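# A look at the structure
One letter stands for each residue in the lines below.
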Amino acid sequence: MTITDHPLVARARLLAAELLEPEAERVDQEGVPASHIEAVKRSGLLGLTAPAEYGGSAAPPAVVREVSEILAAACGSTWFVQSQHHTPVQVLARGEPAARERLLGPLARGELLSGVAYAQLRAHPAAPVRAHHDGTGWRFDGTVPWYTGWGLNDVLLLAGLTEDDEAVFAFVDARDQPGLRPSDPLRLAALTAAHTVSLELDGLRVPGDSVALRIPYAQWAPTDRAKTLNTNPAVFGIASAALSLLDEKTAAPLRSHVADVRTRAYALADHPAPLERVAQRLAVRAEAYAALNTATTAAVVAGGGRSMSLTSKAQRLAREGMFLLIQGQTAETRKAHLEALGPQGLSFGSCRSRGDVTSRPDPEEGP
């Protein structure tokens, strides 16, 4: 069975064709509706990476990437909301037994949708959110600058740092409650529809059995870094959607280039040592963004004056592509990307890997 024949890929294509793509421009302007989330839950795609024994699919990486591309191409906002769910599932799969047994099944089966509030850990050694052991439970204080899916998610995975530099991940009901207050929805140039807020934590108390993982920051950081080095599959999904708006003569060479970058990016993602070939990963990642920018710009140009309408698919895709430039950004990835954009950086169809790029994570990381 090929990737395109996989039943999860077929489900994603059906969801995209029947609901997400036809509604994408309206959703972009009005927000992701609860009905979209219910459809995603029913699709079985929320269990994509979950262990089979908990009701998930344990899908191989190639299937996970294909599904992500399909959903992102159809509706970037809905894709981004559901994409948050898969990290909590993976944390629970290797985490504390009490939280795992209570939550992994409902998350894997799509009965619950989870968001994430952990990117602030990348601000280390600063600690925007502090976790303190408080008797039998934990207390969280600070600010989560980005939280996506407010009002749509059932639970959220919150992370804070202890005084001993331990990262504590705990599940919290995704609602206004004592110690947790959301901001007004953030108005963004792209993906405002994804219901993004910031969260103020003031003595939020979490019971001990809601803690999913406790891990020294120094042990967690390399795993997180590995995630940021590779190209997000959504880049190729949105690029493909943009190229579909062009005539074949214009699209063909661009499509060939995107396919070439995609092949190299996924080969690196599948490399067994995730922290090797760092310079190559960062260079290919930057090249993928350049290809995405070319594809979405071409779609806008081809659309002419119509592209300035807020109901234009080309404009929506261009804004979603812009969002991906900073999504999950760290100082390391930003430095490499800026270098690639310089006079000695990328040109269309070519990519040169330079020396290893290392930098302290950015305290103003992207969502």
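Quick look at the structure, then. Just so we're clear, the structure is a prediction, and the values are computed from it rather than from any experiment. Numbering of residues starts from 1 in each chain and follows the order in which that chain's sequence is written. Per-residue local features of the predicted model are confined to residues with pLDDT of at least 70, and side-chain atom pairs are confined, for both listing and counting, to 80 or more; whole-chain, interface and lining totals are unaffected and use all residues. Each side-chain value is worked out from all heavy atoms of the structure, with water and hydrogens disregarded.

Quick look at the environment of L324 now. With respect to the helices, strands and loops of the structure, L324 is situated in helix α11 (residues 313-326). Throughout this description, buried means an accessible area under 20% of the type-specific maximum (1.4 Å probe, protein chains only), exposed means over 50%, and partly exposed covers the range between. With relative accessibility at 2%, the residue L324 sits in the buried group. As a C-alpha pair, L324 and L152 span 172 residues in sequence and 21 Å in three-dimensional space. The contact definition used throughout considers only heavy atoms, calling two residues in contact when any of these lie within 4.5 Å. With near-sequence residues (within four places) excluded, L324 lies in contact with W79, N232, A234, V235, I238, Y289 and L292. Elements are defined by DSSP. Helices are runs of H or I of four residues or more, strands are runs of E of two residues or more, and each kind is numbered from the N terminus.

The subject of this paragraph is the nonpolar core. Judged by nonpolar contacts, the single largest core of 61 residues is most densely connected at V67, L71 and L324. Listed by contribution, the elements that provide at least two residues to this core are α1 (7-30), α2 (34-43), α3 (61-74), α4 (76-83), α8 (233-243), α9 (248-269), α10 (278-303) and α11. As used in this record, nonpolar core signifies buried Ala, Val, Leu, Ile, Met, Phe, Trp, Tyr and Cys residues forming a set joined through side-chain atoms within 4.5 Å.

Close contact between α3 and α9 brings their axes to 12 Å; oriented N to C, the two are set at 135 degrees. Judged by the angle between their axes, α3 and α9 are oblique. As for how α3 packs across α9, the hand of that crossing is right-handed. Residues R65, E66 and E69 of α3 pack against R262, Y266 and A269 of α9. Residues are grouped as follows: Ala, Val, Leu, Ile, Met, Phe, Trp, Tyr, Cys and Pro are nonpolar; Asp, Glu, Lys and Arg are charged; all remaining types, including Gly, are polar. Partitioned by chemical class, the residues of the contact of α3 with α9 number 2 nonpolar, no polar and 4 charged. To obtain each axis, a line is fitted to C-alpha atoms, and for helices this fit is confined to the stretch in contact; angles are then taken between N-to-C directions over 0 to 180 degrees. By definition in this entry, angles of less than 35 degrees are roughly parallel, angles greater than 145 are roughly antiparallel, angles of 65 to 115 are roughly perpendicular, and the rest are oblique. By the definition used in this description, the sense in which the near helix is turned from the far one sets the handedness, with an anticlockwise turn below a right angle giving left-handed and a clockwise turn giving right-handed.

Let us now look at the packing of α1 against α3. At a minimum axis distance of 8 Å, the contact between α1 and α3 shows a crossing angle of 10 degrees. For the element pair α1 / α3, the angle class is roughly parallel. Judged by the sense of rotation from one axis to the other, the crossing of α1 with α3 is right-handed. Seen from α1, the contacting residues are L8, V9, A12, R13, L15, A16, L20, E21 and A24; seen from α3, they are V63, E66, V67, I70, L71 and A74.

Honestly, it's all geometry; don't read function into it.
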